[in-house]
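Results of the structural survey
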Amino acid sequence: MNICLFTEEEISGPLSLLDERARHIIKILHKAKGENFAAGIIGGPSGTAVITDISDALYFSFTPTGDGKPLFPLKMIVGFPRPIQLKRLLRDMAALGVSEIHLTGTELGEKSYMQSDMATTDAGYKMLLDGTVQAAGTHVPLLMRHHNLKDCLSYVTERGGAGAGFFALDNAQPEKSLGRCLKDCESPLKEAVAAIGSERGWTNRERSMLREAGFTLTGMGSRVMRTETAATVSAGIILSAMGFLE
């Protein structure tokens, strides 16, 4: 746990000794009265918390010192992967700092995946929170669920700003490599959207929808990757090209 995150309400009150965060601070970090630990408000500033007492609860005072590492202007569209893959994907996307994750049904995707607890309960948010903590940040990506690619593209592209780049990963029919496509951009990208299909990829109808929405079909070499691997690698390549990983 690289940072302990609290809600606005929690940051001003004592922490129960049964709370996972309190146990971590006391038993893993071995912190005592008078010592400090990294803390932050979810969606707000990061800073330092000083332990003022450990008795019936863990008492602390919080001083904000940073911005909590704001998220990057990269939105990810992802065809629903297997639930176990989705756990890793959400955690890694949050750790990388993408701003939005849009899970969508696809024509070749397994429909039952859309009913998994990771997509329909707070379990998905917990994975995003875990990734945010891993990155020692406070800002959690937006997670949205769409029934199909058409609805997803309509929502995302309507909210795309000027200077945005749209890239769809497609092993079967790439028009150019993702790296080359990024180099060919006429000006530095202010924001970007990347779309990764489900484990069986895109259909020709979905490729047409992506092209009509302004996406370029791109590839990342000849090796076939899992959905969560392709999402992580492509996000890293795009964020690097945008100058956020320097």
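In case you missed it, the structure is sitting above this.
A brief structural summary. (Residues numbered from 1 in each chain as written. Predicted model: local features only at pLDDT ≥ 70, side-chain atom pairs only at ≥ 80, totals over all residues. Heavy atoms only, no water.)

Let's talk about the sheet that holds strand β1 (residues 4-6)
The strands that make up a sheet pair up through hydrogen bonds in the backbone, lying either parallel or antiparallel. Strand order in the open sheet formed by five strands is β1-β3-β4-β5-β2, and the pairing between neighbours is mixed. Strands with a single pairing partner mark the edges of an open sheet, and in this sheet they are β1 and β2 (15-16). The pairing of strand β4 (residues 46-54) with strand β5 (residues 57-66) spans eight bridges and is antiparallel. Its bridge partner being in β5, Ile54 is matched across the sheet by Leu58. (Pairing = 2+ DSSP bridges. Helix = DSSP H or I, 4+ residues; strand = E, 2+ residues; numbered from the N terminus.)

Concerning the sheet that holds strand β9 (residues 164-169)
Ordered in space as β8-β7-β6-β11-β9-β12-β10, the seven strands form an open sheet in which the pairing is parallel. The sheet is open, and its two borders are formed by β8 (142-146) and β10 (176-177), each paired with just one other strand. In the packing of helix α8 (residues 227-241) onto the sheet, the strands contacted are β6 (72-79), β7 (98-104), β9 and β11 (191-196), and the crossing angle to β6 comes to about 160°. (Contact = heavy atoms within 4.5 Å. Axes fitted to C-alpha atoms, helices over the stretch in contact; angles between N-to-C directions.)

Brief notes about the state of the cysteines
Going through the model one piece at a time under the given rule, you end up with zero disulfides. The structure places no disulfide on Cys152, whose sulfur is separated from the nearest cysteine sulfur, that of Cys181, by 19 Å. (Disulfide = S-S within 2.5 Å.)

Side note on the packing of helix α2 (residues 83-96) against α8
Interaxial distance between α2 and α8 falls to 9 Å at its minimum, and their mutual angle equals 10°. When the axis of α2 is compared with that of α8, the two are roughly parallel. Here Gln85, Arg88, Leu89, Asp92, Met93 and Leu96 of α2 lie close against α8, whose contacting residues are Thr227, Glu228, Ala231, Thr232, Ala235 and Leu239. For the contact of α2 with α8, the class distribution of residues is six nonpolar, three polar and three charged. (Parallel < 35°, antiparallel > 145°, perpendicular 65-115°, else oblique. Nonpolar A, V, L, I, M, F, W, Y, C, P; charged D, E, K, R; others polar.)

With respect to the packing of aromatic side chains
Applying the stated criterion across every chain, the model contains four aromatic pairs. Note on Phe37 and Phe60: the rings are 6.0 Å apart at their centroids and 65° apart in plane angle, and the pair reads as edge-to-face. A residue pair is termed long-range when its members are at least 10 positions apart, and Phe37 in strand β3 (residues 36-41) and Phe60 in strand β5 qualify at 23 residues. Note on Phe37: relative accessible area 4%, which makes it buried. You can call Phe60 buried: its relative accessible area is 10%. Their ring planes at 25° and their centres at 4.7 Å tell us that Phe72 and Phe244 sit as a pair that is stacked. Here the residue Phe72 occupies a position in strand β6, and Phe244 occupies one in the segment after α8, the gap between them amounting to 172 residues. (Phe/Tyr/Trp six-rings, centres within 6.5 Å; stacked < 30°, edge-to-face > 60°. Buried < 20%, exposed > 50% of the residue type's maximum accessible area, 1.4 Å probe, protein only.)

Things to note about helix α4 (residues 123-134)
In this model α4 runs 17 Å from its N-terminal to its C-terminal C-alpha over 12 residues, within 8% of the 16 Å that 1.5 Å per residue would give. All of the buried residues in α4 are Gly124, Met127, Leu128, Gly131, Thr132 and Val133. (Expected span 1.5 Å × (residues − 1).)

Examining the pattern of salt bridges
Inspection of every chain in the model, using the stated rule, returns 11 salt bridges. A salt bridge links Arg21 to Glu10, with the nearest nitrogen and oxygen atoms 3.0 Å apart. Here Arg21 is found in helix α1 (residues 20-28), whereas its partner Glu10 is found in the loop between β1 and β2, with 11 residues between them in sequence. In this structure, the salt-bridge partner of Asp184 is Lys176, at a minimum N-O distance of 3.1 Å. (Salt bridge = Lys/Arg side-chain N within 4 Å of Asp/Glu carboxyl O.)

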